[in-house]
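# Fold and contact review
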Amino acid sequence: MTYQESLDYLYGLQKFGIKLGLENIRTFLSRLGHPENSFKSILIAGTNGKGSTASALAAILTQSGYRTGLYTSPHLHSFSERIRIDGTAIPEARIAELVATMQPYAESIPLTFFEFTTALALHFFAEHNIDIAILEVGLGGRLDATNAVEPILSVIAPVAQDHQQYLGDNIEQIALEKAGIMRAGVPVVSARQQPVVEKVLSDTAKQVGTTLASCGHGFDLIVRRQSFDYIGMQEKLADLRPGIPGHHQFGNMATSLAAAEMLQQFGYDINTAAMRAGIEQLFWPGRLEWMANKACLLDGAHNGAGAKALAVYLAEQGINNVHWIVGVKADKNINEILAPILPHVAAVYCVEPPVEEAVPAAELQTSAAQSGSTAKTFASVADAYQKARQAAGRDGVVLTAGSLFLVAAVRELILQEEGRPCDTSVY
C-alpha cells in the first residue's frame, strides 16, 4: 500500500460519517491488543484552544525529557501532522504500513475516519515506547473516540457553542458532553469558563468523584500588554511571552502550565525552565500567524467564540485597512463568525473553502453586505487572494479566517510565492 492509497482508504471511511460512541473504537483497540495501555495519556477537550493547549503541554513535557506523543486534528497541510512524537510528525511511509497492517483488524467494524485515525495514533505511540500522550478530543468528549483511553489527567479548554447538531442546542448540554472525559479520582484542569459552563463542570466533577482546578480557582494569570504572569498552585512564572500571539492564548498557555503542575504532583520531573521554554518556543501554524513580511494574517477562527477572539486581537493591535478572505463550512453559523470581525475590515472577499460542504460564497456576500460591508465573491481561493493582496497594497493587511481548510489553502499560496515547502513535519 502506498501513502496515497492509505489516505484514500482512510478518507473513504467518511462514508460512515460522524458517529459518536465508544463501542466500535473499543472493539478495534481490543483486536489491536490495546495499544493505549502501553503509555499514560492526557485528554484535552473544549471548543476553542484545545489544540494550542495540547501542543503547549506536549512541548513542556518534551522539554522535560519525556518522550511525548501528540494527537491533534484537523491537520493543516499533511495528514501526518495529526500524529507527532516530540514534535516530529509520523513518516508518510509508516502511515501506509500501519494502515495496511491494521486494515484486517477493522473487518466488519463500521469505523469512521476519526476512529481509525485515533487507533492509528495510539498504535504508533505504543510501538515507539512513548512515556505519555496528549490527545486532543475530536468532537464533544463523552462519546468521542479518544475517550476510549483511561487518562491520568483531563483538561478542558474554553467551551463555547459549536457543533450543536451533535452536542446539544445550548451551552449547558455542550459543556456536559465535554465533561464526559472526567473520571473518578482523575484530576481535571479547566481554563477560565463562562459561569454556566463552570457550574456544569464543577457539578459533574463532584458527581463523578474527582477534583477540579480551574482558572481563577486553583491557578490564575495576570495579563500584561505583551506577556502574562502565571500564578500557579505552587509555581509562579513572570513575564511569559508565548510563541503564538493573542491575549486569548495567554489563558490556553496558563491552562497547559496548570496541567504541567498537576503532573508534578504525580511525580513528573518538570521544572520552571521547561515550562517557560515550552510556552515561549511554541509554534502552531495557522493560528494568528503572520506571513509574507507581515502583509498576511492567518487565523483558524471558525466559530463565534474564535471570531470574537480574533476581533479582540485586531482591535488590540490597532490593525487597519484589513482585507478579509472568508470561507465557512456549511455547518457553521455565518453571522456569528462575520459579526465580530466585519467592523474591523475594509473589504470582504467571499470564497468557498476546499471542503465538501461549504456555505455558498454568494450567501456570505449577502450577509456581509447586509451589515454594510463591501463584499465580493470569487470563484477560487487563489483569485480572492490575488485580488486581496492587490487591494491591500503596502499599507493593508490580508486576513484569512473562517475555516482552517481555507487558511491552509492561502498558506500554501504564500509559501509557493516565497519558494518555501509546506513542511510542517516539525513544529
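Residues numbered from 1 in each chain as written. Predicted model: local features only at pLDDT ≥ 70, side-chain atom pairs only at ≥ 80, totals over all residues. Heavy atoms only, no water.

### What to know about helix H1 (residues 3-12)
Among the residues of H1, Tyr-3, Ser-6, Leu-7 and Leu-10 are the ones counted as buried. Burial along H1 is one-sided: seen end-on, the buried residues are contained in an arc of 100°. In this fold, the buried residues of H1 make contact with helix H4 (92-102) and helix H5 (113-127). (Buried < 20%, exposed > 50% of the residue type's maximum accessible area, 1.4 Å probe, protein only. Helix = DSSP H or I, 4+ residues; strand = E, 2+ residues; numbered from the N terminus. Arc of directions from axis to C-beta. Contact = heavy atoms within 4.5 Å.)

### What to know about the pattern of salt bridges
Scanning the entire structure with this criterion turns up 14 salt bridges. Arg-192 is the salt-bridge partner of Asp-220, the closest N and O atoms lying 2.7 Å from each other. Residue Asp-220 is located in strand S9 (residues 218-223), and its partner Arg-192 is located in the loop between strand S7 (188-190) and helix H8 (195-208); the two are separated by 28 residues in the primary sequence. Exposure remark for Asp-220: the relative accessible area of 28% places this residue in the partly exposed category. (Salt bridge = Lys/Arg side-chain N within 4 Å of Asp/Glu carboxyl O.)

### Side note on the environment of Gln-390
Structurally, Gln-390 is set in helix H14 (residues 381-392). Relative accessible area serves as the criterion here: at 59%, Gln-390 is assigned to the exposed category. Residues Gln-390 and His-323 lie 67 residues apart in sequence; the distance between their C-alpha atoms is 10.0 Å.

### Digging into the pairing of strand S5 (residues 132-136)
With five of its five residues buried, S5 lies for the most part within the structure. Because side chains alternate across S5, one face comprises the buried residues Ile-132, Ile-134 and Glu-136, and the other comprises Ala-133 and Leu-135, equally buried. As paired strands, strand S2 (residues 68-71) and S5 are joined by four bridges and run parallel to one another. By the bridge assignment for S5, Gly-69 is matched with Ala-133. (Pairing = 2+ DSSP bridges.)

### Thoughts on the packing of H4 against H5
Look at H4 against H5: their axes get within 11 Å of each other, and the N-to-C directions meet at 110°. If you check the angle between H4 and H5, you find them roughly perpendicular. Residue-level contacts link Arg-94, Ile-95, Leu-98, Val-99 and Met-102 of H4 to Phe-116, Ala-119, Leu-120, His-123, Phe-124 and Glu-127 of H5. (Axes fitted to C-alpha atoms, helices over the stretch in contact; angles between N-to-C directions. Parallel < 35°, antiparallel > 145°, perpendicular 65-115°, else oblique.)

### Here's the deal with the nonpolar core
Residues Phe-28, Phe-79, Ile-83, Met-102, Phe-116, Phe-125 and Leu-135 are the most contacted members of the largest nonpolar core, which totals 54 residues. Looking at this core, the element that brings in the most residues is H5, giving ten residues. In this view, Ile-83 contacts Leu-70, Tyr-71, Thr-88, Ala-89, Ile-90, Thr-117, Leu-120, Ala-121, Phe-124 and Phe-125; residues no more than four positions away in its chain are not counted. In terms of nonpolar packing, the next biggest core, distinct from the first, is built from 40 residues, Ala-58, Ile-132, Ile-152 and Ile-244 among them. (Core = buried A, V, L, I, M, F, W, Y, C linked by side-chain atoms within 4.5 Å.)

### Notes on the sheet that holds strand S17 (residues 397-401)
Pairing is mixed in the open sheet, where six strands are placed in the order S12-S13-S17-S14-S15-S16. Every interior strand has two partners, whereas the edge strands, strand S12 (289-291) and strand S16 (375-377), have only one. Each strand axis lies, on average, 20° off the axis of its neighbour in the sheet, ignoring direction. Where strand S15 (residues 345-350) and S16 come together, three bridges link them in parallel fashion. Note on S16: the bridge partner recorded for Tyr-349 is Lys-376.

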